[in-house]
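In case you want the letters, here they are:
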Amino acid sequence: MGSEELEQVDVAIIGAGICGLVAARSYLRLRPEANVLILDSDKTVGGVWSKDRLYPTLVTQTGLGLFRYSDMPMAPKAWEGRGSTVTGSMVHEYLHKYSEEHDLLRRIRFNTVVTSAKQCARGWRLELRDSDEIIETEKLIVAPGYASIPNMPQILDDASIPVIHSRDLGASLDGLKDAQKVIVVGAAKSGFDTVYTMLKIGKQVEWVIRPDGAGPMPFLTVKVGFLVATRFFAYMNPSIFNTRGPWWYYVIWFYSVLDWILQRNPLGRWFVDRFWDFLAYVSGVEAGYGVGDHVAMLKPELNHQGILAAPAAVGLRPAPDFWPTIHSKNLRIVRDAIRTMKEKTVYLKSEATTTADCIIMCTGWGDHLGIFDAEHKAKIGIPVQNSRDLSEQKVERSDLIDWPRYDEAADKAVDAKLPSVARPPKHPELLDPRLQKKWRLWKRVVPVELAAQGDRSLVLLGQMTTAYTPVMAEVQAFWAVVYLLGDLEVPDVSTMATEVAEFNAYTRKRYFNQGQRSQYGLWDHRFYIDNLFSDLGLNSRRKSNAISELFSPYKASDFNGFVDEYLGKKKN
């Protein structure tokens, strides 16, 4: 222990991606003299958009003007004439420029892996891989992102061909030049992206999708993609962040009347259901599920309700030639699962066999918060990951909070507040509520137990999945910094526990598989931002009139200046 080198900082931020960078910028705006250190395992900024993870066909799910921070425009860049498409390289260059303009690069320590984070007298004590250095920090901001640690099944240990994870696709492309046939495993967003990329570079692709589980991901058609950025779209989503209270509240406030009409009476809910049916129909027509080829096997498990419930998540904006490429005769889809492999032969669970020159595993992600041991995870409110065994689900113990009581009350409260969530579409896979990974983070950021004890030393960013990541990350990061600095009022323990328990019940009922394992809120971004803005005393309705507020798409620039508004309000 005597050989350890100790470095003390005011704030340590784990992750130099979208959330980590804007968190550093936000902290320095409020505390310019703070000693801020950013730690990242990669060699460039960006997180999932870091340089080594880029490949030519990688694009964002939102267009130009939406995928950016509010106070810095993203320069358009021609890419095969694809208009507002934002490529991976554009995002990486944007984040690098953002880091330069706000003097963040000198604060980043690249190629640095944090292996442990434990509480200490100063705040938090961080240990690093292959280093005797110890970092102690008063405040800790954890922002590594879900897509950090690849989940690699061990069934392919005997393979004599390359087996890579989709995370490493960009760095592995040169090594795949001589491969003629590629097997892709998994039907989440990374699976679709990988199949599309392999077809674009001329490979024969066999796509293995297991027959159980959430099924293939649906994609919302580009033709109506602009709707997702409107407040009207937000009102079509039954959201726990937009449940105000008794009926008379809805009469008082104009916008709440619309929510009551759409979500709290049978006729309104019928209209909402038909709206989602329409989106699913036009998206299915664009995908070509009914043209009679292999793409029919990609039809969502919930059919017309797949985009609403999003049990397999939802793709928002594929490249313009995405579906024509997926219809290629070079693609074969197999609803099966890999049992084992020997040399170049792959054995499927159906007893069928196939061969390939490479296998790309799009099999999800591991424990990106593994820096915390079991004791700290329990105290912070982070669930045990990757377990479907009830015997491994440890009973939550807290001297402060009776979580089972709050969970039971939350189930009833969510059903009463959101009747459509109480009667969801029938799902092909029966989900056991006892297996839900329950996060105990107030507002998806703050450990309830620590906050209840007056400990404002830790926040976790980017742990809620929504659309429009950069603006959501920017607002969430600023809110978190205000909390860390003690300038955000924290409610009593019961209020925080109720909010957390109701969100857990909501996301499990609303989003099925996704809500069962994470803080999922794909369509909840608008009302979530409203919620955080309300805590900060700011107005989140940024349009000039009621019509624009409902139907004009929100762009990142609409939120430009909100930090100055907060600072001005605080001075007054």
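Quick caveat: nothing in here was measured; it's all calculated off a predicted structure. Numbering of residues begins from 1 in every chain and follows the order in which that chain's sequence is written. Reporting in this predicted model follows two pLDDT cut-offs: at least 70 for local features of residues, and 80 or more for side-chain atom pairs to be given and counted; totals over whole chains, interfaces and linings ignore these cut-offs and use all residues. Computation of side-chain values: all heavy atoms of the structure, hydrogens and water removed.

Asker: It is not clear to me how the overall build of the chain should be interpreted in this structure. Could you clarify?
Answerer: What counts as a helix is a DSSP run of H or I of at least four residues, what counts as a strand is a run of E of at least two, and both are numbered from the N terminus. Assigned secondary structure in the chain consists of 19 helices and 19 strands. The globule rule used for comparison is 2.2 Å times the number of residues to the exponent 0.38, while the radius of gyration itself is calculated over C-alpha atoms. In terms of C-alpha radius of gyration, the chain reaches 23 Å, essentially the compact-globule figure of 25 Å for 572 residues. Dimensions of the chain along its principal axes, counting C-alpha atoms only, are 70 × 65 × 55 Å. Summary of the burial criterion: residues with accessible area below 20% of their type's maximum are buried, those above 50% are exposed, and those between are partly exposed, where the area comes from a 1.4 Å probe applied to protein chains only. When the 572 residues of the chain are sorted by exposure, 57% land in the buried category. Note that accessible areas follow from Shrake-Rupley with a 1.4 Å probe, and for residues the cover is restricted to the protein chains shown. Accessible area of the chain: about 24300 Å², with a carbon and sulfur share of 52%.

Asker: Even after reading the chapter, I still don't get the pairing of strand β2 (residues 36-39), so can you show me in this structure?
Answerer: Here is the key point about a regular strand: its side chains alternate between the two faces of the sheet. Alternating residues of β2 divide into Val 36 and Ile 38 and Leu 37 and Leu 39, and every residue in both groups is buried. Strands qualify as paired when DSSP identifies two bridges or more between them. By the bridge criterion, four bridges tie strand β1 (residues 5-14) to β2 in an arrangement that is parallel. Within the sheet, the bridge partner assigned to Ala 12 lies in β2 and is Leu 37. By the criterion used throughout, a crossover qualifies as right-handed when its path from the first strand across the helix to the second strand runs clockwise, the strands pointing away from the viewer. Crossover β1 to β2 through helix α1 (residues 18-30) is right-handed. The sheet contact formed by β2 and strand β3 (residues 108-109) spans two bridges and is parallel. Bridging across to β3, Leu 39 finds its partner in Arg 109.

Asker: What is the right way to read the environment of Leu 331 from this model?
Answerer: Relative to the assigned elements, Leu 331 resides in strand β10 (residues 331-335). By relative accessible area, which is 5% here, Leu 331 ends up buried. Taking C-alpha positions, Leu 331 is 9.9 Å from Lys 181, a pair spaced 150 residues apart along the chain. Throughout, a residue-residue contact means that at least one pair of heavy atoms, one from each residue, lies within 4.5 Å. Among residues more than four places away in sequence, those in contact with Leu 331 are Val 195, Leu 199, Val 205, Trp 207, His 294 and Ile 326.

Asker: Is there a simple way to think about helix α15 (residues 469-484) in this case?
Answerer: Here the expected length of a helix is defined as 1.5 Å per residue gap, with one fewer gap than residues. Its 16 residues give α15 an end-to-end C-alpha distance of 22 Å, which sits within 8% of 22 Å, the value for a rise of 1.5 Å per residue. Burial within α15 is extensive, with 15 of its 16 residues counted as buried. Residue Gly 486 follows α15 closely and has a positive phi angle near 85 degrees.

Asker: What should I look at first to understand the pattern of salt bridges in this one?
Answerer: Note that side chains of opposite charge can pair when their charged atoms are close. The term salt bridge refers to a pairing of a side-chain nitrogen on Lys or Arg with a carboxyl oxygen on Asp or Glu at a separation within 4 Å. All chains considered together, the criterion is met by 29 salt bridges. In this structure, the salt-bridge partner of Glu 133 is Arg 109, at a minimum N-O distance of 3.0 Å. Highlighted residues: Glu 133 in strand β6 (residues 133-142) and Arg 109 in strand β3, separated in sequence by 24 residues. You can call Arg 109 partly exposed: its relative accessible area is 24%. Arg 542 is the salt-bridge partner of Glu 565, the closest N and O atoms lying 2.7 Å from each other. Note that Glu 565 is positioned in helix α19 (residues 562-571) and Arg 542 in the loop between α17 (525-536) and α18 (546-551), a separation of 23 residues in sequence.

Asker: What's the story with the side chain of Thr 507 in this structure? I'm lost.
Answerer: Note that Thr 507 resides in helix α16 (residues 493-517). With near-sequence residues (within four places) excluded, Thr 507 lies in contact with Gln 436, Phe 512, Gly 515, Ser 518 and Tyr 520.

Asker: Would you take a moment to explain a nonpolar patch on the surface for this structure?
Answerer: Think of a patch as exposed residues, more than 30% relative accessible area, with no salt bridge, where like charges cluster within 9 Å and nonpolar side chains (Val, Leu, Ile, Met, Phe, Trp, Tyr) cluster within 5 Å. Where nonpolar side chains cluster on the molecular surface, the patch consists of Val 257, Trp 260 and Ile 261 and spans about 230 Å² of accessible area. Tracing the backbone shows Trp 260 in helix α7 (residues 254-263). Residue classification places Trp 260 among the partly exposed residues on the basis of a relative accessible area of 34%.

Asker: Any chance you could explain the packing of α1 against helix α2 (residues 88-101) here in plain terms?
Answerer: Helices that pack against each other are described as a pair by the angle of their axes relative to one another and the distance between those axes. Here an angle of 0 to 180 degrees is reported between the N-to-C directions of two axes, which are lines fitted to C-alpha atoms, with helices fitted over the stretch in contact. Interaxial distance between α1 and α2 falls to 11 Å at its minimum, and their mutual angle equals 20 degrees. One way to sum up the angle between α1 and α2 is to call them roughly parallel. Considering how the two elements wind past one another, α1 and α2 form a crossing that is left-handed. Of α2, the residues touching α1 (which contributes Ile 18, Leu 21, Val 22 and Arg 25) are Leu 95, Tyr 98 and Ser 99. Polar here means any residue outside two lists: the nonpolar Ala, Val, Leu, Ile, Met, Phe, Trp, Tyr, Cys and Pro, and the charged Asp, Glu, Lys and Arg; Gly therefore counts as polar. Its residues assigned to classes, the contact of α1 with α2 shows five nonpolar, one polar and one charged. These descriptions rest on fixed angle ranges, namely under 35 degrees for roughly parallel, over 145 for roughly antiparallel, 65 to 115 for roughly perpendicular, and the rest for oblique. Each crossing gets its handedness from the near helix: less than a right angle anticlockwise from the far helix is left-handed, clockwise is right-handed.

Asker: Would you take a moment to explain the sheet that holds strand β11 (residues 338-342) for this structure?
Answerer: Strand pairing in a sheet relies on backbone hydrogen bonds, with the paired strands running either antiparallel or parallel. With antiparallel pairing, the three strands of this open sheet are ordered in space as β11-β12-β13. In this open sheet, the two edge strands, each paired with only one partner strand, are β11 and β13 (353-355). With direction set aside, neighbouring strand axes in the sheet form an average angle of 25 degrees. Sheet analysis places β11 next to strand β12 (residues 345-348), joined by four bridges and oriented antiparallel. Each residue of the ladder has a partner; that of Met 341, found in β12, is Val 346.

Asker: Just checking my understanding: could you explain the packing of aromatic side chains for this structure?
Answerer: The rule is short: rings of Phe, Tyr and Trp, with Trp giving its six-membered ring, pair when the centres are within 6.5 Å, and they are stacked under 30 degrees, edge-to-face over 60, tilted in between. All told, the structure shown has 35 aromatic pairs when counted by the stated rule. Arranged with centres 5.4 Å apart and planes meeting at 35 degrees, the rings of Phe 232 and Phe 551 form a pair that is tilted. One end of the pair, Phe 232, is in helix α5 (residues 231-235); the other, Phe 551, is in helix α18, with 319 residues separating them in the sequence. Phe 551 sits in the partly exposed class, given a relative accessible area of 44%. Arranged with centres 5.8 Å apart and planes meeting at 85 degrees, the rings of Phe 275 and Trp 276 form a pair that is edge-to-face. The residues Phe 275 and Trp 276 share a single accessibility class, namely buried.

Asker: Looking at this structure, how should I read the nonpolar core?
Answerer: As a rule of thumb, nonpolar side chains are buried together in soluble globular proteins. Formed by 144 residues in total, the largest nonpolar core has its most connected members in Trp 207, Trp 276, Leu 298, Trp 323, Ile 326 and Trp 523. With 12 residues, α15 is the largest single contributor of residues to this core. For our purposes a nonpolar core is just a set of buried Ala, Val, Leu, Ile, Met, Phe, Trp, Tyr and Cys residues, chained together by side-chain atoms within 4.5 Å. Membership of the second largest hydrophobic core comes to 23 residues, among which are Leu 128, Ile 135, Leu 140 and Ile 380.

Asker: Would you mind going over the packing of α1 against α15 with me for this structure?
Answerer: Remark: α1 packs on α15, axes separated minimally by 8 Å, with the N-to-C direction vectors making an angle of 45 degrees. Classed by the angle they form, the pair α1 and α15 counts as oblique. When the axes of α1 and α15 are compared, the crossing they make is right-handed. For the pair α1 and α15, contact is made by Ile 18, Cys 19, Val 22, Ala 23, Ser 26, Tyr 27 and Leu 30 and by Thr 469, Pro 470, Ala 473, Glu 474, Ala 477, Phe 478, Val 481, Val 482 and Leu 484, respectively. Grouping the amino acids of the contact of α1 with α15 by side-chain chemistry returns 13 nonpolar, two polar and one charged.

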